[in-house]
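Below are the chains, spelled out letter by letter.
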Amino acid sequence: MKTALISHPDCHGHVTPPGHPEQVARMDAVLGALQDLDLMRVSAPMAAEDDLLRVHPKSHVTAIREAAPETGFRSLDADTHMSVGSLAAGYRAAGAAVRAVDLVLQGEAGNAFCATRPPGHHAERETPMGFCLFGNVAIAAKHALDHHGLKRVAILDFDVHHGNGTQDLVEDDARILFCSSHQMPLYPGTGDPSETGPHDTILNVALPDGSGSKAFRQAWEGTILPRVEAFRPELIMISAGFDAHRDDPLAGLQLVVEDFIWITARICDLADTLCEGRVVSCLEGGYDLAALGESAAAHVKVLKERSDG
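Residues numbered from 1 in each chain as written. Predicted model: local features only at pLDDT ≥ 70, side-chain atom pairs only at ≥ 80, totals over all residues. Heavy atoms only, no water.

(A) Quick peek at the overall build of the chain. Summing up its helical and strand segments, the chain has 9 helices and 10 strands in all. By the compact-globule yardstick of 19 Å for 309 residues, the chain fits well, its C-alpha radius of gyration being 17 Å. Its C-alpha atoms give the chain principal-axis dimensions of about 50 × 45 × 40 Å. The burial tally for the chain puts 60% of its 309 residues in the buried class. When contacts within the chain are restricted to residue pairs at least 6 apart in sequence, those whose partners lie at least 24 apart make up 77%. Total accessible area on the chain is roughly 10,900 Å²; 49% of this is exposed by carbon and sulfur atoms. (Helix = DSSP H or I, 4+ residues; strand = E, 2+ residues; numbered from the N terminus. Rg over C-alpha atoms; globule rule 2.2 N^0.38 Å. Buried < 20%, exposed > 50% of the residue type's maximum accessible area, 1.4 Å probe, protein only. Contact = heavy atoms within 4.5 Å. Areas by Shrake-Rupley, 256 points an atom, 1.4 Å probe, with all protein chains shown as cover.)

(B) Local environment of the state of the cysteines. What the rule picks out here adds up to 0 disulfides. No disulfide involves C179; its sulfur sits 13 Å from the nearest other cysteine sulfur, which is in C275. Cysteine C282 remains unbridged, with the sulfur of C114 as its closest cysteine sulfur at 3.9 Å. (Disulfide = S-S within 2.5 Å.)

(C) Spatial organisation of the packing of aromatic side chains. Applying the stated criterion across every chain, the model contains 6 aromatic pairs. Ring geometry for F242 and F260: centres 5.1 Å apart, planes at 80°, overall edge-to-face. You can see F242 sitting in the loop between β9 (235–240) and α8 (257–274) and its partner F260 sitting in helix α8, a full 18 residues away along the chain. Taken individually, F242 and F260 each receive the classification buried, so the pair is uniform in this respect. (Phe/Tyr/Trp six-rings, centres within 6.5 Å; stacked < 30°, edge-to-face > 60°.)

(D) Broad picture of the pattern of salt bridges. With the rule as written, the count across this model stands at 20 salt bridges. The partner of E22 in a salt bridge is R26, and the shortest N-O contact between them spans 2.8 Å. Overall, R26 belongs to the buried group, its relative accessible area being 1%. Of the charged contacts, one joins K304 and D308 as a salt bridge, the two residues approaching to 2.7 Å between their closest N and O atoms. In this pair, K304 and D308 both sit in helix α9 (residues 289–308), 4 residues apart, roughly one turn of the helix. The class of K304 is buried, set by a relative accessible area of 18%. Here the salt bridges do not stand alone but share partners, grouping D51, R54, K142, D146, D173 and R175 into one network. (Salt bridge = Lys/Arg side-chain N within 4 Å of Asp/Glu carboxyl O.)

(E) The arrangement of the packing of helix α1 (residues 25–34) against α9 in detail. Contact geometry of α1 with α9 gives a least axis separation of 8 Å together with a crossing angle of 40°. If you check the angle between α1 and α9, you find them oblique. Taken as a pair, α1 and α9 cross one another with a handedness that is right-handed. Between α1 and α9, the contacting residues are A25, R26, A29, V30, A33 and L34 on the first element and L289, L292, G293, A296, A297 and V300 on the second. Of the residues belonging to the contact of α1 with α9, the class tally is 10 nonpolar, 1 polar and 1 charged. (Axes fitted to C-alpha atoms, helices over the stretch in contact; angles between N-to-C directions. Parallel < 35°, antiparallel > 145°, perpendicular 65-115°, else oblique. Left-handed = near helix turned anticlockwise from the far one by under 90°. Nonpolar A, V, L, I, M, F, W, Y, C, P; charged D, E, K, R; others polar.)

(F) Expanded view of helix α4 (residues 86–105). Between its first and last C-alpha atoms α4 spans 29 Å; for 20 residues at 1.5 Å apiece the expected length is 28 Å, and the two agree. By the criterion of burial, α4 is predominantly enclosed, with 18 of the 20 residues buried. (Expected span 1.5 Å × (residues − 1).)

(G) How the structure looks around the side chain of N204. Inspection of the secondary structure assignment puts N204 in strand β8 (residues 202–207). When its relative accessible area of 3% is taken as the criterion, N204 is described as buried. A polar contact of 3.0 Å, which involves the side chain of N204, links it to the side chain of Q167. Looking at N204, its side chain comes within polar contact range of the main-chain oxygen of E195, at 3.3 Å. (Polar contact = N/O pair within 3.5 Å; in protein donor to acceptor, adjacent residues only side chain to side chain.)

(H) How the structure looks around unusual backbone geometry. In the segment running from M184 into P185, the intervening peptide bond is cis, with an omega of 5°. Looking at where P185 falls in the secondary structure, it is placed in the loop between β7 (176–183) and β8. Backbone geometry places F131, a non-glycine residue, at a positive phi of 75°. Structurally, F131 is set in the loop between β5 (111–114) and α5 (136–146). Under the relative-accessibility criterion, F131 is labelled buried at 13%.

(I) Summary view of the side chain of H143. Tracing the sequence through the fold places H143 in helix α5. Since its relative accessible area comes to 5%, H143 is described here as buried.

(J) Representation of the packing of α8 against α9. Contact pair α8 / α9: the axes reach a minimum separation of 9 Å and the direction vectors enclose 25°. Judged by the angle between their axes, α8 and α9 are roughly parallel. In the packing of α8 onto α9, the handedness of the crossing is right-handed. Seen from α8, the contacting residues are V257, F260, I261, T264, A265, C268, D269 and D272; seen from α9, they are E294, S295, A298, H299, V302, L303 and R306. Looking at the contact of α8 with α9 residue by residue, the class counts come to 8 nonpolar, 3 polar and 4 charged.

This is the structure in structure tokens:
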């Protein structure tokens with residue numbers, strides 16, 4: 001089976017103000033880097049309202065819909081903005097993650113990568129923030145559980161920023177394990193290791209500025225991956241942020257492309273052992289365009305090798 005690449009031109013329609021790091025050019029960087037790979041290319045559908053409501057109250061969905069401007073921009077906070085095309089892009093990003101789960105769980109794709117924007121892991125139940133409107137990965141994880149009848153799903157987040165939104169959306173559900181490595185202190189200020197959730201299904205590993213490859217790999221090899229193995233998920237979802245790269249302007253973990261290759265391979269190793277290789281990855285951060293393209297391509301090449309094999 002092939003790796004599914006799920007995207008949509010609407011994701012280019014989410015335009016941010018000049019100078020904003022979460023820019024349209026990110027899509028060009030990622031899709032350009034993937035253009036020569038032999039992948040199953042799938043058009044991202046609009047998310048169904050019921051899927052959004054698995055994690056967000058109707059008031060949040062309504063507020064996002066009503067905030068969409070008819071011209072220009074609307075600022076939801078200092079970092080998070082909407083343009084005329086943002087609502088469609090947001091629905092496509094969430095819909096892509098749900099479609100990816102369907103393809104993988106139905107055996108139509110070996111694994112999947114969602115090349116979409118806006119990202120999702122900062123969006124809380126009723127609060128869009130950190131460039132994010134809807135909790136894409138959390139929405140898809142709930143879909144896997146509620147629609148496909150899975151019993152356990154793991155969400156693994158290696159973005160340099162803590163996925164506060166994902167944590168907020170899933171910590172009450174004992175069926176979901178959320179694990180994050182992230183730089184701390186850094187936006188959004190959450191993700192202390194003491195945050196474990198009411199069911200002890202939250203695992204946060206905080207890394208100081210400048211940690212580098214060795215500390216990152218030790219965090220995953222020594223702490224996160226054993227926890228995932230013990231949880232025995234039936235599907236692994238990845239919040240794939242590439243802003244821990246040493247060239248990224250927003251943080252300082254100092255990772256290199258080889259680290260993203262390594263972590264993708266280690267996650268796939270676990271998936272092969274635990275859940276028939278079923279992995280769904282969704283793009284989160286990454287703001288140096290060259291590093292983003294190279295890192296995303298390296299990530300997807302590992303997924304492709306595992307799916308083809």
